[in-house]
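Chain residues, written in single-letter form:
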Amino acid sequence: IKKKKQKMAAVAQSSPPNIGKTAQDLSEIIDRSQSFCLNQDSTHPMENLFMGDERLFLQSDTDEQLIVSMTFKDTINLEFISFVAPLDEHAPLTVKLFANGNNLSFENCEDMQPTQEFQLTPADLTPDSMTKLYAVKFQRLNTLTIFIEDSNGADVTQLSSLKFFGTTVIGTNMAEFKKVG
């Protein structure tokens, strides 16, 4: 297991700002009304991730674990995630991603096999870095659950920014779908 984690950590190294010809910032595709965070400190909520100000941040409440559940307006193919956090003991360390994982609890995230798992390094947490994903595992996403399992030693975890890079799958605006029945 240790070798597998080391291999995954090596693959999840930060990438330079050049993200390829087709990948784009998917910030406008996030459905913020359907996205949420579990175990967030009410004075440092998830909304701070999208303010563009590193002084504002998301912070965990009772311990270092966080679940950030993102819903997208369109179906996407995800290639990179940019994590920005303080470069201290509050920075997230172990991250587990669950593609199209809806309504996952802390117990689910701890027990289930993630789509991808990695350890973030200080280089992964700067504003100009992006963590490359196994793109083939993140195709046709409508939701993404991000489980931050632990920090670099602090009792709480802080995250200043979260951005997604990839492409949209044409013609699938999920916000336009209505429930039938």
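Small disclaimer: the values here were computed from a predicted structure and weren't measured.

**Q** In this structure, what is going on with the nonpolar core? I would like to understand it.
**A** Soluble, globular proteins show a tendency: their nonpolar side chains are buried together. Membership of the largest hydrophobic core comes to 32 residues, with the highest contact counts inside it found for Leu-78, Phe-83, Leu-144, Ile-146 and Phe-164. Within the residue set of this core, elements represented by two or more residues are strand E5 (66–84), strand E6 (94–99), strand E9 (141–148) and strand E11 (161–168). With eight residues, the top contributor of residues to this core is E5. Discounting chain neighbours no more than four positions away, the residues touching Leu-78 are Leu-26, Leu-133, Ala-135, Phe-138, Leu-141, Leu-144, Phe-164, Phe-165 and Gly-166. With five residues, the next largest nonpolar core counts Phe-98, Leu-104, Cys-109 and Phe-147 among its residues.

**Q** What is the right way to read the pattern of salt bridges from this model?
**A** Two side chains that carry opposite charge are able to pair once their charged atoms sit near each other. In total, this model carries two salt bridges according to the counting rule given. Among the salt bridges present, the one from Arg-55 reaches Asp-53, with a minimum N-O distance of 2.9 Å. The class of Arg-55 is exposed, set by a relative accessible area of 67%. Residues Lys-96 and Glu-149 are paired through a salt bridge, measuring 3.6 Å at the closest nitrogen-oxygen approach. On the criterion of sequence distance, the pair formed by Lys-96 in strand E6 and Glu-149 in the loop between E9 and strand E10 (158–159) is long-range, its members being 53 residues apart.

**Q** Would you mind going over the environment of Leu-97 with me for this structure?
**A** Summarising the element assignment, Leu-97 is placed in strand E6. For the pair Leu-97 and Leu-144, spaced 47 residues apart in sequence, the C-alpha to C-alpha distance is 7.0 Å. In contact with Leu-97, not counting residues within four places along its chain, are Ile-81, Pro-114, Thr-115, Gln-116, Phe-118, Leu-133, Phe-138, Leu-144, Thr-145 and Ile-146.

**Q** How should the environment of Phe-138 be read in this particular structure?
**A** On the secondary structure map, Phe-138 appears in the loop between strand E8 (130–132) and E9. With 23 residues separating them along the chain, Phe-138 and Thr-115 place their C-alpha atoms 8.2 Å apart. Excluding anything up to four places from it in sequence, Phe-138 contacts Ile-76, Asn-77, Leu-78, Leu-97, Ala-99, Thr-115, Gln-116, Leu-133 and Leu-144.

**Q** When you look at the pairing of E9 in this model, what are you seeing that I'm missing?
**A** Summarising burial for E9: seven of the eight residues are buried, a large majority. In terms of strand pairing, E5 meets E9 through seven bridges, oriented antiparallel. Across the sheet, Ile-76 pairs through a bridge with Leu-141, a residue of E9. Direction of pairing for E6 relative to E9: antiparallel, over a ladder of five bridges. Across the sheet, Val-95 pairs through a bridge with Ile-148, a residue of E9.

**Q** Is there a simple way to explain the packing of aromatic side chains in this structure?
**A** Geometry of an aromatic ring pair is reported as the spacing of the ring centres plus the angle between the planes. Under the definition given, this model contains three aromatic pairs. Note on Phe-72 and Phe-164: the rings are 5.6 Å apart at their centroids and 90° apart in plane angle, and the pair reads as edge-to-face. Of this pair, Phe-72 sits in strand E5 while Phe-164 sits in strand E11, and the two are 92 residues apart along the sequence. In this structure Phe-72 comes out as buried when scored by relative accessible area, which is 1%.

Parameters at a glance
Residues numbered from 1 in each chain as written. Predicted model: local features only at pLDDT ≥ 70, side-chain atom pairs only at ≥ 80, totals over all residues. Heavy atoms only, no water. Core = buried A, V, L, I, M, F, W, Y, C linked by side-chain atoms within 4.5 Å. Buried < 20%, exposed > 50% of the residue type's maximum accessible area, 1.4 Å probe, protein only. Helix = DSSP H or I, 4+ residues; strand = E, 2+ residues; numbered from the N terminus. Contact = heavy atoms within 4.5 Å. Salt bridge = Lys/Arg side-chain N within 4 Å of Asp/Glu carboxyl O. Pairing = 2+ DSSP bridges. Phe/Tyr/Trp six-rings, centres within 6.5 Å; stacked < 30°, edge-to-face > 60°.

By themselves, these figures tell us nothing about what the structure is for.
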